[in-house]
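For reference, the chains in residue letters:
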Amino acid sequence: MSLADSYDGFLIDLDGVVWLGHELIPGAAETISSLAASGKKYAFVTNSPRLSPARQAALLRDAGVPAGEDQMITAGRTLIGLARERLEAGAAVLATGTRSFHDQVADAGFELLDPDDWRRAEAVLLTGHDRFDYRELKATAMAARSGALFAATGRDPTMPMPDGLWPGTGSILAAVETASGQTAVITGKPARPIFDAGLDALDLPPGSKVAMVGDRLDTDVGGAQRAGLDGILVVGNESSVSRDEDPITPEHRIDSLAGLLA
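Residues numbered from 1 in each chain as written. Predicted model: local features only at pLDDT ≥ 70, side-chain atom pairs only at ≥ 80, totals over all residues. Heavy atoms only, no water.

(A) How the structure looks around the overall build of the protein chain. Tallying secondary structure elements over the protein chain gives eight helices and 15 strands in all. For 262 residues, the compact-globule estimate of 2.2 N^0.38 gives 18 Å, and the C-alpha radius of gyration of the protein chain, at 18 Å, lies within 12% of that figure. Structurally, the protein chain occupies a C-alpha span of about 60 × 35 × 35 Å along its principal axes. Of the contacts made within the protein chain by residues no fewer than 6 positions apart, 67% connect residues no fewer than 24 positions apart. When the accessible surface of the protein chain is split by element, carbon and sulfur atoms take 49% of a total near 11,400 Å². Once the 23 positive and 37 negative side-chain charges of the protein chain are each reduced to a mean point, those two points are 4 Å apart. (Helix = DSSP H or I, 4+ residues; strand = E, 2+ residues; numbered from the N terminus. Rg over C-alpha atoms; globule rule 2.2 N^0.38 Å. Contact = heavy atoms within 4.5 Å. Areas by Shrake-Rupley, 256 points an atom, 1.4 Å probe, with all protein chains shown as cover. Lys, Arg positive; Asp, Glu negative; His and termini not counted. Charge placed at Lys NZ, Arg CZ, Asp CG, Glu CD.)

(B) Representation of the nonpolar core within the structure. Grouped together as the largest cluster of nonpolar side chains are 27 residues, with contacts concentrated most on Phe10, Val18, Phe44 and Leu260. Of all elements in the fold, only strand E1 (9-12), helix H1 (28-37), strand E4 (41-46), helix H2 (53-62), strand E13 (210-214) and strand E14 (230-234) reach the threshold of two or more residues within this core. Discounting residues that sit within four places of it in the chain, Phe10 has contacts with Ala4, Leu35, Lys41, Tyr42, Ala43, Leu202, Val210, Ala211, Val213, Ile232 and Leu260. (Core = buried A, V, L, I, M, F, W, Y, C linked by side-chain atoms within 4.5 Å. Buried < 20%, exposed > 50% of the residue type's maximum accessible area, 1.4 Å probe, protein only.)

(C) Spotlight on the pattern of salt bridges. This structure, assessed with the given rule, holds twelve salt bridges. Between Glu111 and Arg120 there is a salt bridge, and its shortest N-O distance comes to 2.9 Å. Exposure remark for Glu111: the relative accessible area of 32% places this residue in the partly exposed category. Overall, the relative accessible area of 41% leaves Arg120 in the partly exposed class. A salt bridge links Arg155 to Glu177, with the shortest nitrogen-to-oxygen separation between them at 2.9 Å. Residue Arg155 is found in the loop between strand E9 (149-152) and strand E10 (158-161), and its partner Glu177 is found in helix H6 (residues 169-180); the two are separated by 22 residues along the sequence. (Salt bridge = Lys/Arg side-chain N within 4 Å of Asp/Glu carboxyl O.)

(D) Just the sheet that holds E9, in detail. Spatial strand order, E7-E6-E8-E9-E12: five strands in an open sheet with parallel pairing. Taken across any chain shown, the strands that pair with only one partner, and hence form the sheet edges, are strand E7 (111-112) and strand E12 (185-186). Pairing of strand E6 (residues 92-96) with strand E8 (residues 123-126) involves four bridges; the strand directions are parallel. Residue Ala95 lies in a different strand from E8, and its bridge partner there is Leu125. (Pairing = 2+ DSSP bridges.)

(E) Geometry of the packing of aromatic side chains. All chains considered together, the criterion is met by two aromatic pairs. On the basis of an interplanar angle of 75 degrees and a centroid distance of 5.6 Å, the ring pair of Tyr42 and Phe44 is categorised as edge-to-face. Residue Tyr42 is classed as buried on the basis of its relative accessible area, which comes to 7%. When the ring centre of Tyr7 is taken as origin, the NZ or CZ atom of Lys209, which lies over that ring, is 5.1 Å away. (Phe/Tyr/Trp six-rings, centres within 6.5 Å; stacked < 30°, edge-to-face > 60°. Lys NZ or Arg CZ within 6 Å of the ring centre and 35° of its normal.)

(F) Broad picture of helix H5 (residues 134-145). When the terminal C-alpha atoms of H5 are compared, their 16 Å separation across twelve residues agrees well with the 16 Å that a helix rising 1.5 Å per residue should span. Among all positions of H5, only Glu136, Leu137, Ala139, Thr140, Ala141, Ala143 and Ala144 are buried. Structurally, H5 contributes buried residues whose contacts are with E6, E8, E9 and H6. Its side-chain oxygen at 3.3 Å from the backbone nitrogen of Arg135, Asp133 defines the N-terminal cap of H5. Residue Gly147 follows H5 closely and has a positive phi angle near 105 degrees. (Expected span 1.5 Å × (residues − 1). Polar contact = N/O pair within 3.5 Å; in protein donor to acceptor, adjacent residues only side chain to side chain.)

(G) Structural detail: the environment of Val93. By the secondary structure assignment, Val93 is in strand E6. Classification of Val93 as buried rests on a relative accessible area of 0%. In the structure, Val93 is positioned 98 residues away from Ala191 in sequence and 22 Å away in space, judged by C-alpha atoms. With sequence-adjacent residues up to four places away left out, Val93 is seen in contact with Leu87, Val105, Phe110, Glu111, Leu112, Leu113, Ala123 and Leu125.

Listed below in structure tokens is the structure:
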């Protein structure tokens, strides 16, 4: 009996578990294909908003991983969902992130502001990107301090990439929170909204047993456990940011995603 046989469904992290910088980790495609063939429900839950859910699903399929857009639960998606709950249609939003994230915000019906127009911002939607600069830091901090809804995808200080750990959204968020004196609402892991969205995507009957598979104790395992799910920690990736001294204890530890089938 494999570990996968103990669960009805899985929420699976992407960065550091399925791929590194969109380069598939060995065994990931085969494992997910086996889950699909056996009828196991799964969804991908990621704090990365760099690409749209549709684009991330397409990249996975191109790499041999069975994935549909409805299975892609991104923190960008939950961040935009929060804005829809709190703001009127057409509200003026100061968003930081990739062009893809900006397109997602615009497609949701919001007005995207230039950083110099921060005084009009009804919300600051913060995600990490590699062109973040002082102009954006000033604008987001000023808007947040002025009372705009201030929300971010997550506090992950780093993200695993093929050559090691890169600064993540949390590193940028720390600067904005320091400069503004405000604390952002988080919609990605370990916050509850993204886990609830993942469970909705699984569409399993009440009482089903679900586990989150990820490489971070704080966001993946800890967040899952607070949401009433089991946490399975992937420890074999050299870019993993889990720490043995962390007080969070996962239900299971595996060297890679392939450990689900062992």
